[in-house]
Amino acid sequence: MKREVLMAMAPDELDEYASIIGLNTKGMDKVAEKVSAITSKRETTCEMVLLGAVFSIPVRNVHDKRFQDAISGIMSDEKAETAARLVLGDEQWERLIQHVTDDDGVIDIDALGLAVSKIINNPELKNY
């Protein structure tokens, strides 16, 4: 959510939203203080080692409606790829693809599937 939207929210709404994302705002009296805490919480990242390479994943990406839509229902390869690309971002997605590509250009779908599964099922990403 945009900072200006958070700043326009009532204090009790901020408390409710903070609770949803796992943040306790008890003792925070000012809206700006609550907004700052919420913003910091939403900017949390998760460092994951996938197939020997380190990736930094913004936790909020897993809480993106587009990601949730991509993984809902029956998981196809296309949906899994879309979900992983949304979470990693284009640059890290391309780095993962290069990481699982053989010298002759073959992309190891099994290794890619393992990495995507680890992303989607990582408990640290599911819980702010």
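Residues numbered from 1 in each chain as written. Predicted model: local features only at pLDDT ≥ 70, side-chain atom pairs only at ≥ 80, totals over all residues. Heavy atoms only, no water.

**Brief notes about helix α6 (residues 90-99)**
Counted only if it meets this: Here the term buried applies to any residue with accessible area under 20% of the maximum for its type, exposed to any over 50%, and partly exposed to those in between, with areas from a 1.4 Å probe on protein chains only. Strands here are runs of E lasting at least two residues and helices are runs of H or I lasting at least four, both read from the DSSP assignment and numbered beginning at the N terminus. Note that the arc is computed from the directions linking the helix axis to the C-beta atoms. Throughout, a residue-residue contact means that at least one pair of heavy atoms, one from each residue, lies within 4.5 Å.
Those residues of α6 that fall on the buried side of the exposure criterion are Q92, W93, L96 and I97. Projected onto a plane normal to the axis of α6, the buried residues spread over an arc of 145° and lie on a single side. Those residues of α6 that are exposed and aimed more than 90 degrees away from the buried face are D90, E91 and Q98. Looking at the packing, one finds that the buried side of α6 touches β2 (53-58), α5 (77-88) and α7 (109-120).

**A closer look at the side chain of Q92**
Here Q92 lies in helix α6. Among the residues examined, Q92 registers a relative accessible area of 15% and is labelled buried. Setting aside residues no more than four positions away along its own chain, Q92 makes contact with F55 and S56.

**A look at the packing of α5 against α6**
Helix-helix packing: each pair is described by the crossing angle between the helix axes and the interaxial distance. The test is simple: Every axis in this analysis is a line fitted to C-alpha atoms, fitted for helices over the stretch in contact. Angles between the N-to-C directions lie between 0 and 180 degrees. Angle categories: roughly parallel below 35 degrees, roughly antiparallel above 145, roughly perpendicular from 65 to 115, and oblique for all the rest. Note on convention: near helix rotated counterclockwise from far helix by under a right angle means a left-handed crossing. Clockwise means right-handed.
Contact geometry of α5 with α6 gives a least axis separation of 6 Å together with a crossing angle of 120°. By the angle between their directions, the pair α5 and α6 is classed as oblique. The two elements α5 and α6 cross, and the hand of that crossing is right-handed. For the pair formed by α5 and α6, the contact residues are E81, A84, R85 and L88 on the first element and D90, Q92, W93, E94 and L96 on the second.

**A closer look at the packing of α5 against α7**
Stated precisely, the cut-off is as follows: Residue polarity is assigned by list, with Asp, Glu, Lys and Arg as charged and Ala, Val, Leu, Ile, Met, Phe, Trp, Tyr, Cys and Pro as nonpolar; anything else, Gly included, falls into the polar class.
Between α5 and α7, the shortest axis-to-axis distance is 10 Å and the interhelical angle comes to 60°. Helix-helix and strand crossings are classified by hand; for α5 and α7 the assignment is left-handed. Mapping the contact onto sequence places A80, A83, A84, V87 and L88 in α5 and V116, I119 and I120 in α7. Here the contact of α5 with α7 is composed, by residue class, of eight nonpolar, no polar and no charged.

**Things to note about the packing of aromatic side chains**
Counted only if it meets this: Two rings from Phe, Tyr or Trp (for Trp, the six-membered ring) form a pair when their centres sit within 6.5 Å of each other. Planes less than 30 degrees apart are called stacked, planes more than 60 degrees apart edge-to-face, and all others tilted. In this analysis the charged atom, NZ for Lys or CZ for Arg, is taken to sit over a ring once it is within 6 Å of the ring centre and within 35 degrees of the ring normal.
Tallied over the entire structure, the rule returns zero aromatic pairs. Above the ring of F55, the side-chain terminus of R95 is found at 4.2 Å from the ring centroid.

**Regarding the environment of V116**
Structurally, the position occupied by V116 is in helix α7. A residue is classified by how much of its surface remains accessible, and V116, at 7% relative accessible area, is buried. As a C-alpha pair, V116 and R85 span 31 residues in sequence and 9.3 Å in three-dimensional space. When residues no more than four places from it in sequence are discounted, the contact partners of V116 are A80, A84 and W93.

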